[in-house]
Structures are given as structure tokens and as C-alpha cells.
Amino acid sequence: MPAWLQNRRNQVYLGLGVVVVVALVAVVLLSGGGTTPTAAPSINVPSPTTPAPSPTPSPVPSGNLVFSGRDPFQQIIATTPSPSPGATPSASPTGSPTPSVSPPGTPPPAPGGGSSIEIGGYTVVLIDTYTRAGVGYAQAQVDSTTYTVAVGHTFAKHFELTAIDPPCASFLYGDQAFTLCATANK
């Protein structure tokens, strides 16, 4: 140990110095490096009498796939109060029609094409049954994946096609048996 560290008072001063340096480094790192905060950007909100700007489509380069989004705060459904008897309807406050933007469609609660069941956290749908060369087959959809399986085969890791009696098919999920019947598309 160096001679200057053998003195108890020097050891205390060194310890305090290390604590002060660590504290300063922590303050600088937690405060964002000592930079001064910038003012928040201003947001221009149009007044109710100012017409809203209409969206203009941006050019789409050919060969590229482009996804367009929508403003999550834009009103999708226009609400208009019902007029009182004898009143005449007035124009919208902006003087222009409300833009009609449809959000992307949501999938149906169960996949379409046949009868379905919720089992073991999976949605299973029977789409079709048929026989080819004397072997019975079924087209079944588990969640979003479609399988074509023969009687006696396992699919989607957990399901087995046990029998076919058109337009119905019997399945096993573990030791749970269930039967689904395909419905005709309308």
C-alpha cells in the first residue's frame, strides 16, 4: 500500500472523493447528458370555421409495397344531431363533406367456411370433406392455417382426424373427441 494511503484521514478523503465523482456521473447520466431542454413543438389546431385540409395521396413508386396508415384520432363515424321538427338541415360546419376513411377490416371471430369450435385455445373450422381413391380427407383450419389431412393422421401438432361422414368429420384433441360439419357457402 502506498505510504500516503496508510494515514486514516487520507483513506477517508479518498473514499469521499470517489463517492462525489460517482454521484456527479450519475446526475449527468440521469439528466440526459447535461443538455438543456428544448421547447415543445407547437401544434396548430384549426378553428371550427377553418376547413380541414384534405389529404393528398403521395406518389407510390412502382414495384414497392406501400402501407398507408390513418390518423387514430380522426373521427371515423360522423355524428349529426337529429333535426327538430320543422327545422331544415344545415351544411356541415366546415362546408365540406366529412372524408370517408374505412379502417382495415377485422377478421371474423371464427374463421369462415364451415362449422367451428374453440378447443384448447385453438379455433378449429371444418372447411370441406371428400374422398379420393377410397381415402377420406378433410380440409380443416386451425387458427389461420389450413390443413388437408387423411383419416388417422395428426395435424397442427395436437389434432387427429378420426373419421369422415360427409359433410361431417370427427376429430380428437388429446382425449377430447368432437365432430364438425361443413356448411355450404352461400
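A brief report on the enclosed structure follows. (Residues numbered from 1 in each chain as written. Predicted model: local features only at pLDDT ≥ 70, side-chain atom pairs only at ≥ 80, totals over all residues. Heavy atoms only, no water.)

## Section: the overall build of the chain
Check the secondary structure of the chain and you find 1 helix and 8 strands. Along the chain, from the amino end to the carboxyl end, the secondary structure elements read α-β-β-β-β-β-β-β-β. Each of the 186 residues in the chain was classed as buried or not, and the buried ones make up 15%. Looking at the chain alone, contacts between residues at least 24 apart form 32% of all its contacts between residues at least 6 apart. On the chain, roughly 14600 Å² of surface is accessible, and the fraction owed to carbon and sulfur atoms is 62%. (Helix = DSSP H or I, 4+ residues; strand = E, 2+ residues; numbered from the N terminus. Buried < 20%, exposed > 50% of the residue type's maximum accessible area, 1.4 Å probe, protein only. Contact = heavy atoms within 4.5 Å. Areas by Shrake-Rupley, 256 points an atom, 1.4 Å probe, with all protein chains shown as cover.)

## Description of the pairing of strand 1 (residues 116–119)
As paired strands, strand 1 and strand 2 (residues 122–132) are joined by 4 bridges and run antiparallel to one another. Within the sheet, the bridge partner assigned to isoleucine 119 lies in strand 2 and is tyrosine 122. Between strand 1 and strand 2, which pair antiparallel one after the other, the connecting turn spans 2 residues, and glycine 120 there sits at a positive phi close to 60°. (Pairing = 2+ DSSP bridges.)

## What about the packing of aromatic side chains?
Scanning the model with the defined rule gives 9 aromatic pairs in all. Centre to centre, the rings of tyrosine 147 and phenylalanine 155 are 5.6 Å apart; their planes meet at 50°, and the pair counts as tilted. Owing to a relative accessible area of 26%, tyrosine 147 belongs among the partly exposed residues under this scheme. Geometrically, the ring pair formed by phenylalanine 159 and phenylalanine 178 is edge-to-face, given 6.4 Å between the ring centres and 90° between the ring planes. Highlighted residues: phenylalanine 159 in strand 6 (residues 159–165) and phenylalanine 178 in strand 8 (residues 176–181), separated in sequence by 19 residues. Each member of the pair, phenylalanine 159 together with phenylalanine 178, is buried. (Phe/Tyr/Trp six-rings, centres within 6.5 Å; stacked < 30°, edge-to-face > 60°.)

## A few points about the environment of valine 149
On the secondary structure map, valine 149 appears in strand 4 (residues 145–150). Since its relative accessible area comes to 7%, valine 149 is described here as buried. Separated by 13 residues in the primary sequence, valine 149 and glycine 136 have C-alpha atoms spaced 8.5 Å apart. Residues within four places of valine 149 in sequence aside, it is in contact with Gly136, Tyr137, Ala138, Phe155 and Leu161.

## Notes on a nonpolar patch on the surface
On the surface, Val12, Tyr13 and Leu16 cluster together into a nonpolar patch covering about 310 Å² of accessible area. Take valine 12: it is sitting in helix 1 (residues 8–30). A relative accessible area of 40% places valine 12 in the partly exposed class. (Patch = residues over 30% accessible without salt bridge, like charges linked within 9 Å, V, L, I, M, F, W, Y side chains within 5 Å. Salt bridge = Lys/Arg side-chain N within 4 Å of Asp/Glu carboxyl O.)

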